[in-house]
Structures are given as C-alpha cells and as structure tokens.
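Structural description and commentary
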Amino acid sequence: MVDDQFPDYLNVYYKRLFPYAQFHKWLSYGNVNPENFTNREFSFTLHEDIYIRFQSFNSLQEFETEIQNRCPFKIDIGAVFNMSPKVCRNYPQFHAMEKELVIDIDMTDYDSIRTCCSGADVCQKCWRFMVIAVKILERSLRDDFGWSHLLWVFSGRRGIHCWICDESARKLSPSERGAVIDYLAVLTAGDNKRCNVNHPFIKNSISIIKEEFENLIVEQKFLETPEQCSKILSFIADEKLKEQINLQFSKYQNSLQRWEALSLVVQNNHKRGLLNFKTKSCVEDILLYLAYPRLDVNVTKGLNHLLKSPFCIHPKTGKVCVPINPKVIDKFNPNTVPTISMLIDEITEYDKKQKEIVSDANTSSNRLKDYKKTSMLKSVSIFEEFLRNLENSWKGDRIKNSDLKMEF
Ligand SMILES: [Zn+2]
C-alpha cells in the first residue's frame, strides 16, 4: 500500500478522521488521576522508519496538534510512568507504573497448520482461528478473571489485539501478567504438549473449539496429505490405536470423514476400556493443537511493551486498526475493513455532494463530524460503546468514594 500518496492521505486522516476526543477519554480513565494521560508514553514511527519513543502530552489539544504535525506512520502506546516521559525519561527514578494488560494474536503463528494462506495473507477461512481465539479468551477473561472492559482491535493485517482496561488489570505487575498469560497460553506457537483436559478452563475452551471445528476442518483440510495425517497420528501414544486409525484414514479421502473416523475409533476403544492415561485425551489434545489460540506471550508479560494503537493505519495494507465487537466476531471480515484511501474518497465524495446542494447552506449536516460521513462510523461507534461501559464503572467508583467520605 505504501504509495506516494500515503503521507498525504495520513495528513487528511489525522486532520479530519482520527477520533482524538474519544481516544483521550479512554486513556484518561475518568480523570481520577490526570497523570493517566499526561504520563503515558506514546511512540511514533515517522517517514523512513524514524522511530521516536517517550512522547507524552499534557492535554488533548497538545496530543491532537502534535499528531497532526508529525503525521506518524504508526503510533504505539506504552505504559503510564511515574513522571512525564517526555521530560523525565533520563531520570534514574523514572519507571513504568501501569498499563493495560494486552494480548496479541497473530496469524503467522498459525502458519504451520493453516492451509488456505501463508505469510501476510489472511482470508475468511483462516480468520476462523481468530474467531475461536476471541471466543475462548472473551469467556475466560470475563468469567475466570472477572474483567469486563475488553477492547478488541484488528491489528491492520492479520491479527488481533485485546486491551484489558479494568483497573485491576492495569495495575498488574510484570510477574502477575506472566501468571495470567501462562494460564491462558496452554499452547505457545507450534507447541504440542499435553494439557490437563479436566481443568475447567481447558474443558470450556474445548467445547468452544468443538462448536467451530467442523467448519474449520472442512476449510483447512487438516487431514489431506500423508504429512498432515502423520502429524496428527503423532498425538496417538499407542501403536495399536494408531494402526486402527491409520487404516480408517486409508478408507477416506477428505479431512472431515477422516476426522469423524478417528473420533469413532477412539470412542469405541474408550467404551471397551482400552484407553490408557496417555491416550484417553488424544482427541482433545489434537483439538487444542489445531485450534487453541496461539498467543504471543512476551507482549503480555512486559509492563513496558509497546503496542500499536487502535485507529492507526497499517502502513502496508492501508487498513484502519478498527475496534471489533467480539459478540459478532464471526461476521468480521478482515478484507473489508476500511482503508485510508477508501475513507478519503468517502469524505471527498460526501463534501462534493454537499457543495451541490449549496442552497441549503445552513443545514446541520454541514457540521456533521467527518468520520460520520465514512465507513469508519461503525468502528467509532464500537469504541464509543466500550467507552460508555468504562464511564459507568467510573461513576460507580465516584459513588463509592463519596460514600466512603460520608462514613468518616
Ligand atoms: Zn486464509
């Protein structure tokens, strides 16, 4: 995408479309502590890969002006520090205080198993891996950890970020972050260790995988080639059982039939009491290997780790890093996400039409916010809904605080 027009497009995008006010509202967290915003580190990647860290802003106005002046190709968000990053980054006592807990899932970690695309490409078929990942993590983060302010964002090309914004999550230490991600990262990329399939978290995850698995196996053709079949058979730690399954594999050609045959053989052996502790969870082991979210654990562990900001433009694809509504993650199509050139066309088109009805000069639609004239409207609305929920929790906090004061 990076063509000659990209800097010009960015210029318009930052002047007219970037949702500064909502963004500032998010990172101010109800303004209980103004330093939440003013001591936050931003980093910019400018033209020709010039990378500047430790930017920070005293107000929404300053943030807006600076971004419009610099026109960064990429904006990353870092931690909230104990003092202003811009001014104090070289002070010995300068250190990170808090940050959202973030989770990064990238499609490249699925390259060893996905068969439809590879590398930077992504399609609706392999997007199903992301659908499963979001469903599993949504359930666990809300039910197991009790967090409710989860901002899911498309990374602009082939992955998803989750920003967990509850206060208790923002205040986690690096070692606590490590514990959370170790709990969630049952499998790290390419790993096929066995897990305790009786753990409630794994049980819940497996039942989510099962809901999607038939579609996934039909689309991904996991059991087509001899190499694929032998990889799956490597999960069967019993030679006799392996032979029985292999025999079934030879009778069928397509992946779904082979999978059903494998499941049936295992089921029959289970009924006859022939499975041992190594083989009794082999179907679950395979399901986890093929469909469990593959998380980049280092992104989550570091308090200091920077992550690409929502509403950035991915410089390679030109796509906006849009917030995603996890409830309809099945409907999300990474290939129809608005691109910067599309958005610029949409406002140009809109303005042209407005000029044509110039006699109506006083219409309120003239004062319509620019993003509302474009296909970015939906993404901003998702962001605003997330902010409304956050806001309700601040109101709760304020009431709690005033109650406390009354007691004393
Ligand atoms: Zn694909």
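Computed from a predicted model, the values in this text were never measured in an experiment.

1. Points about the coordination of the zinc ion
Surrounding the zinc ion are the protein donor atoms Cys-116 (SG), Cys-117 (SG), Cys-123 (SG) and Cys-126 (SG), which sit 2.2 to 2.3 Å from the metal. One way to put it: the 4 donor atoms around the zinc ion meet at angles of 100 to 118°, and that makes the site tetrahedral. Read N to C, the donor residues that coordinate the zinc ion are spaced as C-C-x5-C-x2-C. Judged by relative accessible area, Cys-116 falls into the partly exposed class, the value being 29%.

2. Brief notes about the pattern of salt bridges
Applying the stated rule across the entire model yields 23 salt bridges. As a salt-bridge pair, Arg-16 and Asp-351 come within 2.9 Å of each other at their nearest N and O atoms. Linking Arg-16 in helix H1 (residues 6-17) with Asp-351 in helix H15 (residues 340-356), this pair joins segments that are 335 residues apart in sequence. Take Asp-351: its relative accessible area is 23%, and that puts it in the partly exposed class. With its nearest N and O atoms 2.9 Å apart, the salt bridge here joins Glu-212 to Lys-135. You can see Glu-212 sitting in helix H9 (residues 200-220) and its partner Lys-135 sitting in helix H6 (residues 124-144), a full 77 residues away along the chain. With relative accessibility at 6%, the residue Glu-212 sits in the buried group. The exposure class assigned to Lys-135 is partly exposed, which follows from its relative accessible area of 24%. Via salt bridges that share partners, Arg-128, Lys-135, Glu-212, Glu-219 and Asp-330 belong to a single interconnected network.

3. Thoughts on the packing of helix H2 (residues 20-28) against helix H4 (residues 60-70)
For any two helices packed against each other, the geometry comes down to the angle between their axes and how far apart the axes lie. Running from amino to carboxyl end, H2 crosses H4 at an angle of 125°, the nearest separation of the two axes being 10 Å. Relative to H4, H2 is oriented oblique. Our pair here, H2 against H4, has a crossing hand that is right-handed. Contacts between H2 and H4 pair Tyr-20, Ala-21, Phe-23 and His-24 from the former with Leu-60, Phe-63, Glu-64, Ile-67 and Gln-68 from the latter. Partitioned by chemical class, the residues of the contact of H2 with H4 number 6 nonpolar, 2 polar and 1 charged.

4. A closer look at the domain arrangement of the protein
Taken domain by domain, the protein holds domain 1 (1-190 + 295-408) and domain 2 (192-293). For domain 1 versus domain 2, the separation of C-alpha centres amounts to 37 Å. Taken together, the contacts link 25 residues of domain 1 with 24 residues of domain 2. Summing the contributions of domain 1 and of domain 2, the shared interface buries around 2400 Å²; its carbon and sulfur component is 63%. Across the contact surface, domain 1 and domain 2 share 3 salt bridges. The partner of Glu-219 in a salt bridge is Arg-128, with the nearest N and O atoms 2.7 Å apart. Summed over the shared surface of domain 1 and domain 2, the result is 5 residue pairs in polar contact (both at pLDDT 80 or more).

5. Side note on the layout of surface pockets
In this structure, the largest pocket encloses a volume near 620 Å³. Ile-206, Lys-210, Val-283, Glu-284 and Leu-287 are, among the 26 residues lining the largest pocket, the residues nearest its centre. Counting only elements with at least two residues in the lining of the largest pocket, the list comes to H9, helix H12 (255-271) and helix H13 (282-291). Residues of the lining of the largest pocket, tallied by class, amount to 13 nonpolar, 7 polar and 6 charged. The volume enclosed by the second largest pocket comes to roughly 500 Å³. Broken down by secondary-structure element, the contributors of at least two residues to the lining of the second largest pocket are strand E3 (74-81), strand E5 (101-106), strand E7 (159-164) and strand E8 (307-308). Counted by class, the lining of the second largest pocket contains 8 nonpolar, 7 polar and 10 charged residues.

So, how was this worked out
Residues numbered from 1 in each chain as written. Predicted model: local features only at pLDDT ≥ 70, side-chain atom pairs only at ≥ 80, totals over all residues. Heavy atoms only, no water. Donors = N, O, S within 2.8 Å, 3.2 Å for Na, K, Ca; no water. Tetrahedral: all angles 85-135°; square planar, octahedral: opposite > 155°, others 65-115°. Buried < 20%, exposed > 50% of the residue type's maximum accessible area, 1.4 Å probe, protein only. Salt bridge = Lys/Arg side-chain N within 4 Å of Asp/Glu carboxyl O. Helix = DSSP H or I, 4+ residues; strand = E, 2+ residues; numbered from the N terminus. Axes fitted to C-alpha atoms, helices over the stretch in contact; angles between N-to-C directions. Parallel < 35°, antiparallel > 145°, perpendicular 65-115°, else oblique. Left-handed = near helix turned anticlockwise from the far one by under 90°. Contact = heavy atoms within 4.5 Å. Nonpolar A, V, L, I, M, F, W, Y, C, P; charged D, E, K, R; others polar. Domains from an automatic or database assignment. Buried area = accessible area lost by both parts, 1.4 Å probe. Polar contact = N/O pair within 3.5 Å; in protein donor to acceptor, adjacent residues only side chain to side chain. 1 Å grid on protein atoms, 1.4 Å probe; cavity = no way out; pocket = protein on both sides within 12 Å on 5 of 7 lines; lining within 4 Å. Points joined across faces, edges and corners; volume = space filled by probe spheres on them.

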